[in-house]
Amino acid sequence: MAHATPQGLKLLNGWRRPGRFDKGLGAQLPDAYKKFWREWKLTKPAAVHYIPKESEWERDEVTNAIKPVQDIPLPLIDTPESHQGIWGGEAVIKGFQKRNQTKRRVPHFWVPQLRRSVVHSQVLNEYISVVVTERTLDQIHECHGFDHYLLKNLACDLRSALALKLKRQLLLALNAGCPALADEPQHQKEVLKEYSRYLEPYTPEEIDWYGHTYLEAIRKLQQQQRDAEIVKPHKVEFRSKLIEQLREAGIREAGKLERPDVLAATSEHKDADIEALTKLESSPSSNNWLSKINPFGKKET
């Protein structure tokens, strides 16, 4: 069967659509970012807009018939404004609402109630003004602090890009020893003792890639590739080729051009190169050879 299909074994189990990590720059992203992406997008978040049922079966109250439990999460819409604040896992819900018994249902959007509040981060030693919901404030109080709320919850429960970026800043600060509290050594030790346990599930590379969106990760990967490339100026390459040609021609003065102080691209060494080339042109052994490649030299008549 496999040899009879054009794609071979790929079609035996069905055609698999390539994902964002299967081709292009997405395939070059490190495993550290892929781990964060699975935690953010592929992990099932905690129920926020509904109460999940623990049992798989339930009995109807009217007919006493046993039927399976339809425990399906509500589809949520993450708006651009939701990534500019910390909504505590809430999002916009799109559905239908029947406002009158004699009329048909109409589309409706349920939006959480937002408010601007100020939160304090002990690790960063900063006060942050951010748009939150009532559920966000309740969770901060339950976790006994804003830093505990960000570090304790998974990326799928935080949802917003702002919360994930703040969490990455907290992890980087804890990994660096809380430099914002360097003026208070005693308080710095207490903060590190309280929050250092949140660094155990992550490696330094995973912390560096944590909290980036897909486009931000692609830009970061491209910047790392540019920094890794060593760009060699053409003038250095052409100069080395010229020196090799002069050495093959048997010119002894060619060795003077290989000095490191002459090869450096500085203004004070340009005169040394000019003097060396002038000596080569004036030498009797290379006069005929250099006159052939010098278009501005004097021609013999």
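All of these numbers come straight from a predicted model, not from anything done at the bench.

Colleague: Before we go on, may I ask you to explain helix 9 (residues 234-248) in this structure?
Modeller: Every α-helix carries 3.6 residues per turn, so stepping three or four residues along brings you back to the same face. Between the first and last C-alpha of helix 9 there are 21 Å, a value that for 15 residues agrees with the 21 Å anticipated at 1.5 Å per step. At the C-terminal side of helix 9, G250 shows a positive phi close to 85°.

Colleague: Looking at this structure, how should I read the nonpolar core?
Modeller: Looking at soluble globular proteins, one finds that nonpolar side chains tend to be buried together. In this structure, L29, Y33, I86, V123, F146 and L150 are the most contacted members of the largest nonpolar core, which totals 44 residues. Tallying contributions element by element places helix 5 (residues 161-176) first for this core, with seven residues.

Colleague: Hey, could you run me through the sheet that holds strand 4 (residues 92-97) in this one?
Modeller: As a general point, the strands of a sheet are linked pairwise by backbone hydrogen bonds and lie either parallel or antiparallel. Spatial ordering of the open sheet is given by 3-4-5, a layout of three strands whose pairing is antiparallel. Each edge of the open sheet is held by one strand with a lone partner, namely strand 3 (76-77) and strand 5 (106-110). As paired elements, strand 3 and strand 4 share two bridges and run antiparallel to each other. Bridge pairing in strand 4 links L76 to I93.

Colleague: Help me understand a nonpolar patch on the surface in this model?
Modeller: A cluster of nonpolar side chains, namely I77, F109 and V111, defines an oily patch on the protein surface of about 270 Å² accessible area. Here I77 is to be found in strand 3. Take I77: its relative accessible area is 35%, and that puts it in the partly exposed class.

Colleague: Just to check I follow, could you spell out the pattern of salt bridges for this structure?
Modeller: Think of it this way: side chains of opposite charge can pair up when their charged atoms draw near. Applying the stated criterion across every chain, the model contains nine salt bridges. Its salt-bridge partner being R247, residue E244 comes within 2.9 Å of it at the nearest N-O pair. In this pair, E244 and R247 are both assigned in helix 9, three residues apart and thus about one turn of the helix distant. The exposure class of E244 is partly exposed, given its relative accessible area of 41%. Owing to a relative accessible area of 38%, R247 belongs among the partly exposed residues under this scheme.

About the criteria used
Residues numbered from 1 in each chain as written. Predicted model: local features only at pLDDT ≥ 70, side-chain atom pairs only at ≥ 80, totals over all residues. Heavy atoms only, no water. Helix = DSSP H or I, 4+ residues; strand = E, 2+ residues; numbered from the N terminus. Expected span 1.5 Å × (residues − 1). Core = buried A, V, L, I, M, F, W, Y, C linked by side-chain atoms within 4.5 Å. Buried < 20%, exposed > 50% of the residue type's maximum accessible area, 1.4 Å probe, protein only. Pairing = 2+ DSSP bridges. Patch = residues over 30% accessible without salt bridge, like charges linked within 9 Å, V, L, I, M, F, W, Y side chains within 5 Å. Areas by Shrake-Rupley, 256 points an atom, 1.4 Å probe, with all protein chains shown as cover. Salt bridge = Lys/Arg side-chain N within 4 Å of Asp/Glu carboxyl O.

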